[in-house]
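Each chain, written out:
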Amino acid sequence: MKQLKKILWAFALMGTLSFSLTSCKNEPKDSDLVTKAKSVIPEGITIDVKKGVATLTGEYNDNDVKQSTENAVKAIPGIKSVEDNATVKSESGDVVVSVDSVLKSKVNDILKGYTGVTAEINDGVVTLNGELNRSELPRLMQAINTLQPKKIEQKLLLK
């Protein structure tokens with residue numbers, strides 16, 4: 001009987017170790033994601049990753065480089081989303097604030113009143129993620145509509 005208990009305990013321990021080791025392999029470390037992303041971002045752009053969310057800052061030479069950089073970072077396994085706060089130089093060399101960064105700032109101001117809701121902005125399209133009480137949805141949608149985005153994609157889990 002003692003031998004059987006030892007065997008069962010050993011199997012339980014092996015199962016727990018196996019599960020915890022495979023769980024660790026599925027989530028890459030933020031520092032590893034930064035290292036991978038640095039190989040695809042241009043000079044003048046910096047990256048920070050927290051819990052799989054990549055934040056880009058700095059200055060792009062043009063919009064094409066900005067878009068291709070965003071796409072390249074999004075393609076890295078483990079990156080959940082990209083917040084591109086970097087600006088684009090104009091042909092005169094002046095910095096041009098991207099429309100998305102202005103929209104993102106205004107959307108974030110609205111979202112301060114909605115715990116658990118996040119937004120991604122790309123080419124003027126606002127994608128809402130997270131959880132929200134169903135009764136609060138009309139007020140949130142109306143507030144974001146006043147910013148006149150191209151489109152609002154509502155991917156919220158409504159409670």
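Residues numbered from 1 in each chain as written. Predicted model: local features only at pLDDT ≥ 70, side-chain atom pairs only at ≥ 80, totals over all residues. Heavy atoms only, no water.

What follows deals with the side chain of Lys-104. Within the element layout of this structure, Lys-104 appears in helix 4 (residues 99–111). Since its relative accessible area comes to 10%, Lys-104 is described here as buried. Not counting chain neighbours up to four residues away, the residues in contact with Lys-104 comprise Glu-83, Ala-119 and Ile-121. (Helix = DSSP H or I, 4+ residues; strand = E, 2+ residues; numbered from the N terminus. Buried < 20%, exposed > 50% of the residue type's maximum accessible area, 1.4 Å probe, protein only. Contact = heavy atoms within 4.5 Å.)

Attention shifts here to helix 3 (residues 63–74). Helix length check: helix 3 (12 residues) gives 17 Å between terminal C-alpha atoms against 16 Å at 1.5 Å per residue, within 8%. In the core, the buried residues of helix 3 are packed alongside strand 1 (45–50), strand 2 (53–60), strand 3 (81–84), strand 4 (87–89) and strand 6 (117–122). Sitting at the amino-terminal end of helix 3 is Asp-62, which places a side-chain oxygen 3.0 Å from the backbone nitrogen of Asp-64. (Expected span 1.5 Å × (residues − 1). Polar contact = N/O pair within 3.5 Å; in protein donor to acceptor, adjacent residues only side chain to side chain.)

What follows concerns the pattern of salt bridges. For the structure shown, the criterion picks out 9 salt bridges. The closest approach of N and O atoms between Lys-66 and Glu-70, which form a salt bridge, is 3.9 Å. Of the two residues, Lys-66 and Glu-70 are both situated in helix 3; the distance of 4 residues between them amounts to about one turn of the helix. The pair formed by Lys-66 and Glu-70 is uniform in burial state, with each residue classed as buried. A salt bridge links Lys-104 to Glu-83, with the nearest nitrogen and oxygen atoms 4.0 Å apart. (Salt bridge = Lys/Arg side-chain N within 4 Å of Asp/Glu carboxyl O.)

All right, on to the confidence of the model for the chain then. Per-residue confidence for the chain gives a mean pLDDT of 82, with 78% of residues at or over 70. Note that pLDDT drops below 50 for residues 17–23; the model gives that stretch 0 contacts with residues more than four away or on any other chain. (pLDDT = per-residue confidence, 0-100.)

The side chains of a regular strand alternate between the sheet's two faces. Because side chains alternate across strand 1, one face comprises the buried residues Ile-45, Ile-47 and Val-49, and the other comprises Thr-46, Asp-48 and Lys-50, none of which is buried. Of the pairings in the sheet, the one linking strand 1 to strand 2 comprises 6 bridges and is antiparallel in character. When the sheet's bridge partners are listed, Ile-45 is paired in strand 2 with Gly-58. Between strand 1 and strand 2, which follow one another and run antiparallel, lie 2 residues, and Lys-51 among them has a positive phi close to 55 degrees. (Pairing = 2+ DSSP bridges.)

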